[in-house]
Amino acid sequence: MTGAGLGKGLPWLEEDSEAGRETEIPPPQLAEPGTQGIIRGRDLFGYVGIEAVLDQMRRKTMKAGFEFNIMVVGQSGLGKSTLVNTLFKSKVSRKSCTPSYEEKISRTVHLKSVSHIIEEKGVKMRLTVIDTPGFGDQINNENCWDPIVKYINEQYEKYLTEELHITRKRRIPDTRVHCCVYFLPATGHRLRPIDVEFMKRLGKIVSIVPVIAKADTLTMDERLDFKQRIRQDLQASGIRVYPQKEYDEDVEDRIRNDKIRENIPFAVVGTDKEHQVNGNKVLGRKTKWGIIEVENVAHCEFANLRDLLVRSHLQDLKDVTHYIHYETYRVRRLNESNGKARPVSVASSTGPLTEP
């Protein structure tokens, strides 16, 4: 066989029409010696169909559905139930779906959860809302976060136990808390000691998103000043709130998350009441001075919170829970069971971590 015949079909050999000979074009470059290279579309002989895996993943996810577990923490009367209902546009809070619910202040912190299946455009999500009645409602609130820490760790332990079974379930039920929304009262001052202590302790084991509840009680200037003071307090106290800078995967992530970090804590208003505004139905709170539109970013930052929790970062919240918080707990527990107290290293939220 001639050289021309050998060269046919090989993208890095082409025939020189003038000289009648073949010239060599460099083959696909390897990233570095001894590693697999990146072969892009222009280097392929034809269509392979790799992109179809996205459709396969989509169909599988739509068929199986997924879980999302959100915890709401804050003292009574801050509108936790209303905000959760507004987020998912349905009666999903424990208060809303419990017959003859009676509001009363608990003497201790009792965690209660309620689950729903929410379906939208064929996508099913099992939503679990964990409420913390009694938190911050006592004269002495010392160690009131202990039951919450215990609950979160219990869910990690439950998941770890399932993983360690010789015969594991094909799909392990996920009851781990993926996000904790912490409600700050709109005092207009600074973080209270209970706020600092809670977020400092819980920020190590769960993703915390702080919000200013009932923000319509503050003027726009008061709101901006309050948010600035809270950010200063968070930084001064070394409190880690979501999204953390060290978990940004690339420049695009950092730019997007920087915009979120600049707006934290979100000043929100919740309601399930609809009103007519310019001929359109909107969710809002009616006052003597007009209607505060919940989903209007000029009125409050509810839309920013919803986008973070549902539309842009829901999967990332689950990934951070699995690859960071749960992995840290798993390594610690395995070290304890082996009688070794080795330090835990958290490297990235993009993939499984290994024991140091």
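Residues numbered from 1 in each chain as written. Predicted model: local features only at pLDDT ≥ 70, side-chain atom pairs only at ≥ 80, totals over all residues. Heavy atoms only, no water.

A. Seen up close, helix α6 (residues 193-202). Residues Ile 194, Asp 195, Val 196, Phe 198, Met 199 and Leu 202 constitute the buried set of α6. At its buried positions, α6 is contacted by β3 (66-73), α5 (146-164), β6 (179-184), β7 (208-212) and α7 (220-236). (Buried < 20%, exposed > 50% of the residue type's maximum accessible area, 1.4 Å probe, protein only. Helix = DSSP H or I, 4+ residues; strand = E, 2+ residues; numbered from the N terminus. Contact = heavy atoms within 4.5 Å.)

B. Structural detail: the sheet that holds strand β5 (residues 123-131). Strand order in the open sheet formed by 6 strands is β4-β5-β3-β6-β7-β8, with mixed pairing between adjacent strands. One side of each edge strand has no neighbouring strand; the edge strands of this open sheet are β4 (112-120) and β8 (266-267). Relative to β6, β3 runs parallel, the two sharing 4 bridges. Counterpart to Met 71 in the pairing with β6 is Cys 180. (Pairing = 2+ DSSP bridges.)

C. Molecular detail of unusual backbone geometry. With an omega of 0°, the peptide bond between Tyr 242 and Pro 243 qualifies as cis. Here Pro 243 is to be found in the loop between α7 and α8 (251-263). Here the bond from Ile 264 into Pro 265 is cis, since omega is 0°, no more than 30 degrees from zero. In this fold, Pro 265 is placed in the loop between α8 and β8. Even without being a glycine, Lys 121 presents a positive backbone phi close to 55°. For Lys 121, a relative accessible area of 78% translates into the label exposed. The phi torsion at Asn 143 lies on the positive side, around 60°, for a residue other than glycine. Along the chain, Asn 143 turns up in the loop between β5 and α5. For Asn 143, a relative accessible area of 36% translates into the label partly exposed.

D. Focus on the state of the cysteines. Tallying each qualifying case throughout the model produces 0 disulfides. Cysteine Cys 179 remains unbridged, with the sulfur of Cys 180 as its closest cysteine sulfur at 7.0 Å. The class for Cys 179 is buried, based on a relative accessible area of 0%. What makes Cys 180 buried here is its relative accessible area of 0%. (Disulfide = S-S within 2.5 Å.)

E. Local environment of the sheet that holds strand β9 (residues 274-277). The 3 strands lie next to each other as β9-β10-β11, forming an open sheet whose pairing is antiparallel. Lying at the two open borders of the sheet, with one neighbouring strand each, are β9 and β11 (290-293). Direction aside, neighbouring strands of the sheet carry axes that sit 70° apart on average. (Axes fitted to C-alpha atoms, helices over the stretch in contact; angles between N-to-C directions.)

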